[in-house]
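Each chain is listed here by its residues.
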Amino acid sequence: MSVSETEKKPMQKTTSNVPAVKVQDVSITYRTTFERVPTFKSALVRFGRGERAVREVKAVQNVSFDVNHGTTIGIIGANGAGKSTLMRAVAGILPPTSGRIEVHGRVSTLLSLGVGFNAALSGKENVILGGLAAGLSRKVIEERYEEISEFAELGDFMEMPMRTYSSGMFSRLAFSVAVHMDPDILLIDEALSAGDASFKSKAAAKMSELVTNSRTMFLVSHAMSSVREMCNDCIWLHKGKLMMRGEPDEVIQAYTKFLQVGEAESVSLEDL
Amino acid sequence: MNATSVDEEFNPSVHVYEPHKVGLPALRPYFTALWQRREFAAEMSRTNIRAANTNTFFGQVWLVLNPLLLALVYYLLTDIIAGGGAKVGAAERFAHMCAGLFAFYYFSGAMTAGAASVVGGGKLLMNQSFPRMLLPLSAVRTAFFRFLPTLVVYLGIHLLMRQKLHWQMLLAPAFLIMLTFFAAGMGMIFAALQVYFRDTTSFLPYFVRIWLYMSPVLWFAEQAPPKFKGFIQYNPLYPLLGGWADLLVKGAIPKWQLWAGGGFWAILAFVVGSLFFMSREREFVVRL
């Protein structure tokens with residue numbers, strides 16, 4: 001586990017002013033082997049020189065921010081801005097390369113589409129497997145399974161292998177699993193992009209219900225309208241750096257201006 | 001009720017994530033969490049067994065068909081091509097070869113699957129946080145349950161070759177357990193290595209094949225080729241497979257050296273493998 005526990009305190013959810021998530025000067029660097037044209041010759045040359053083709057990707061650089069309990073924070077930015085990486089770090093999956101992240105509360109993740117799901121297994125088996133991996137007992141999962149399948153509205157598809165699912169079905173199931181894990185902090189990474197209109201509104205209702213119960217939510221999205229509707233705080237990342245933090249309207253305005261795409265045009269794009 | 005309330009130790013409500021390079025995690029919470037999620041490893045292994053071979057015509061019959069074909073291939077190799085058919089004790093030799101081969105393929109299958117589990121588990125690793133050791137252990141569990149039908153196949157061959165049944169055969173599972181721990185340890189070592197050095201995937205099959213020929217599978221332990229005699233006892237599979245075959249085929253209680261050697265290698269591989277794996281596992285996600 002990517003956890004180095006240096007302190008442990010009993011949970012103090014609503015009584016204190018401790019922020020739900022505290023990100024302090026966090027940088028995350030991926031190391032990956034990469035070669036533009038991987039040929040046998042270049043491999044031999046590299047081997048002869050005793051080199052390794054390792055590239056460092058600085059996905060997040062010196063980002064700091066606090067998020068209070070009960071906040072819905074939108075995270076926006078171009079592709080490759082480090083949004084998903086940051087979410088993984090908050091979930092404790094990726095250790096930060098430097099800096100410190102403090103999380104008060106239990107985290108449930110809904111990170112990009114169809115994640116953690118094995119396509120050869122049925123929806124039901126995947127739900128059980130995912131719940132067991134999250135540390136739930138079998139009994140609890142079976143209790144929640146009813147709610148999950150009801151919310152996802154997949155009907156008979158729950159018993160079919162997930163390779164037969166459409167991408168919309170994937171996202172329905174992934175979303176209903178994440179919200180039924182009863183998290184204190186919910187991380188949602190572009191999970192709704194493939195759902196249809198009715199499911200999107202249902203999901204939005206569920207999310208606002210979670211927020212009114214003083215849950216904290218991170219919403220990574222390219223759909224500016226949903227960020228504007230659901231979030232009361234917003235962060236704009238660009239190439240791993242924190243560009244702006246503030247009211248969703250202001251941040252979105254600055255971001256769209258930065259992209260040199262008119263406000264109206266970006267709205268019409270997300271509806272495609 | 002909270003999502004992860006069962007493993008408060010491993011997943012306390014306050015987490016602090018800080019950078020680290022190497023070093024072991026806190027062992028007690030790690031093993032508590034590992035134990036609490038054993039059901040996950042078991043369920044993953046069960047579903048994998050169910051999902052495997054669902055697209056093939058023979059389906060789960062392959063669990064019996066595989067060892068039979070394996071025995072046939074090596075029968076052709078050793079008895080017909082090498083011309084050993086006329087030798088005395090051919091039946092015993094064949095039974096011995098099958099016992100050794102099946103155990104060896106169990107070992108190599110468990111080790112290879114364990115080694116592939118981390119790099120192959122990409123998406124699960126990227127999106128869930130759990131003790132990573134569950135992945136190779138689950139792979140070993142899968143290999144073990146897939147091996148059980150093979151034992152029945154061996155029993156059939158044993159009777160067909162007119163070998164006697166001995167009560168000592170009941171002791172053979174002791175060596176099977178040692179072999180399982182050894183395979184789990186080796187699997188964890190290779191799983192961690194593979195994250196850093198992907199070429200391991202390509203090397204491993206050759207490594208396994210050489211190991212097969214160096215082990216008392218196609219020949220009896222006592223009849224080791226003179227060239228090997230000097231260093232054969234340093235091969236971990238020598239006591240493990242030697243003791244297994246002694247009990248199962250001949251019904252002879254192995255010498256104490258085989259028991260001690262097998263136990264030593266099993267514990268050593270498992271301890272070293274799990275410590276190495278644990279000290280590295282937090283870095284896996286960054287490198288996948």
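Cut-offs used in this document
- Residues numbered from 1 in each chain as written.
- Chains lettered and ligands numbered in written order.
- Predicted model: local features only at pLDDT ≥ 70, side-chain atom pairs only at ≥ 80, totals over all residues.
- Helix = DSSP H or I, 4+ residues; strand = E, 2+ residues; numbered from the N terminus.
- Contact = placed C-beta atoms within 7 Å.
- Rg over C-alpha atoms; globule rule 2.2 N^0.38 Å.
- Buried ≥ 20, exposed ≤ 12 C-beta atoms within 10 Å, placed from the backbone.
- Core = buried A, V, L, I, M, F, W, Y, C linked by C-beta atoms within 7 Å.
- Expected span 1.5 Å × (residues − 1).
- Bend = angle between axes of the 7 residues up to and from the residue.
- Axes fitted to C-alpha atoms, helices over the stretch in contact; angles between N-to-C directions.
- Left-handed = near helix turned anticlockwise from the far one by under 90°.
- Parallel < 35°, antiparallel > 145°, perpendicular 65-115°, else oblique.
- Nonpolar A, V, L, I, M, F, W, Y, C, P; charged D, E, K, R; others polar.
- Pairing = 2+ DSSP bridges.

Asker: Would you mind going over the overall build of chain A with me for this structure?
Answerer: Counting secondary structure elements, chain A contains nine helices and nine strands. Counting only contacts in chain A whose residues sit at least 6 apart along the sequence, the fraction spanning at least 24 positions is 74%.

Asker: Could you clarify how one ought to interpret the overall build of chain B in this entry?
Answerer: The helix and strand inventory of chain B stands at eleven helices and one strand. Its helices and strands taken in sequence order, chain B reads β-α-α-α-α-α-α-α-α-α-α-α from the N to the C terminus. In summary, chain B has a C-alpha radius of gyration of 21 Å against a globular reference of 19 Å for 288 residues, a match within 12%. Taken along the three principal axes of its C-alpha coordinates, chain B extends 70 × 45 × 40 Å. Per-residue burial for chain B yields a buried fraction of 44% across its 288 residues. A separation threshold of at least 6 residues defines the contact pool for chain B, and within that pool the share at least 24 residues apart is 80%.

Asker: How should the nonpolar core be read in this particular structure?
Answerer: Side chains of nonpolar character tend, in soluble globular proteins, to be buried together. Counting residues in hydrophobic clusters, the biggest one holds 139 residues, and the most contacted among them are Val90 and Phe218 of chain A together with Ala99, Phe182 and Trp244 of chain B. Considering every element that reaches this core, the biggest residue donor is helix α4 (residues 90-120) of chain B, with 17 residues. When near neighbours in sequence (up to four residues on either side) are disregarded, Ala99 of chain B contacts Tyr154, Trp244, Ala245, Leu248 and Val249 of chain B.

Asker: Sorry if this is basic, but what is going on with helix α4 (residues 138-152) of chain A here?
Answerer: Because an α-helix packs 3.6 residues into every turn, residues spaced three or four apart end up facing the same way. All names here are of chain A. Spanning 15 residues, α4 covers 20 Å between terminal C-alpha atoms, matching the ideal 21 Å at 1.5 Å per step. If you look at α4, its biggest bend is around 35°, right at Arg144. All of the buried residues in α4 are Ile141, Arg144, Ile148, Ser149 and Ala152.

Asker: I'm lost on the packing of α4 of chain B against helix α7 (residues 172-196) of chain B in this one. Help?
Answerer: Two packed helices can be described by the angle between their axes and the distance between those axes. Residues and elements named next belong to chain B. Running from amino to carboxyl end, α4 crosses α7 at an angle of 35°, the nearest separation of the two axes being 7 Å. Between α4 and α7 the crossing geometry is right-handed. Side by side, α4 and α7 meet where Ala103, Phe107, Ala110, Met111, Gly114, Ala115, Ser117, Val118 and Val119 of the first sit next to Leu179, Ala183, Ala184, Met186, Gly187, Met188, Phe190, Ala191, Gln194 and Val195 of the second.

Asker: Where do I start with the environment of Trp256 of chain B in this structure?
Answerer: Residue and element names in this part refer to chain B. Among the structural elements, Trp256 can be located in helix α10 (residues 256-280). Taking the C-beta count within 10 Å as the criterion, Trp256 has 8 such neighbours and is therefore assigned exposed. Counting along the chain gives 13 residues from Trp256 to Gly243, while the straight-line C-alpha distance between them is 9.6 Å.

Asker: Explanation requested: the packing of helix α3 (residues 62-81) of chain B against α4 of chain B in the structure shown.
Answerer: All names here are of chain B. Relative orientation of the contacting elements α3 and α4 amounts to 125°, with a least axis distance of 10 Å. Here α3 lies oblique to α4, going by the angle between them. Once α3 is placed against α4, the crossing between them reads as right-handed. Residues Pro67, Leu70, Ala71, Tyr74, Tyr75 and Thr78 of α3 lie in contact with α4, whose contacting residues are Phe94, Met97, Cys98, Leu101, Phe102 and Tyr105. Among the residues forming the contact of α3 with α4, the class breakdown is eleven nonpolar, one polar and no charged.

Asker: Help me understand α10 of chain B, please; the structure alone is not making it clear to me.
Answerer: Residue and element names in this part refer to chain B. In this model, α10 (25 residues) spans 36 Å end to end at C-alpha, consistent with the 36 Å of a helix rising 1.5 Å per residue. Looking only at α10, the buried set comprises Leu258, Gly261, Gly262, Trp265, Ala266, Ala269, Gly273, Ser274, Phe277, Met278 and Arg280. Elements that come into contact with the buried residues of α10 comprise α1 (27-36), α7, α9 (237-250) and α11 (284-287).

Asker: For this particular structure, what's the right way to read the environment of Leu170 of chain B?
Answerer: Residues and elements named next belong to chain B. When you line up the elements, Leu170 lands in the loop between α6 (134-160) and α7. Among the residues examined, Leu170 registers 11 C-beta atoms within 10 Å and is labelled exposed. Distance in space between the C-alpha atoms of Leu170 and Ala192 is 35 Å, their sequence separation being 22 residues.

Asker: Got a minute to help me understand the pairing of strand β7 (residues 216-220) of chain A in this structure?
Answerer: Both faces of the sheet carry side chains from a regular strand, because those side chains alternate between them. All names here are of chain A. Of all five residues in β7, five are buried, a share of seventy percent or more. Here β7 shows two buried faces, one formed by Thr216, Phe218 and Val220 and the other by Met217 and Leu219. With four bridges connecting them, strand β3 (residues 72-76) and β7 associate as parallel partners. The residue of β7 that forms the bridge with Ile73 is Phe218.

Asker: Is there a simple way to think about unusual backbone geometry in this case?
Answerer: Glycine aside, a negative phi is what most residues show, and trans is what most peptide bonds show. Even without a glycine there, the phi angle at Glu153 of chain A is positive, about 55°. Structurally, Glu153 of chain A is set in the loop between α4 and α5 (167-179). Here Arg162 of chain B, not a glycine, exhibits a phi torsion of approximately 55°, which is positive. You can see Arg162 of chain B is positioned in the loop between α6 and α7.

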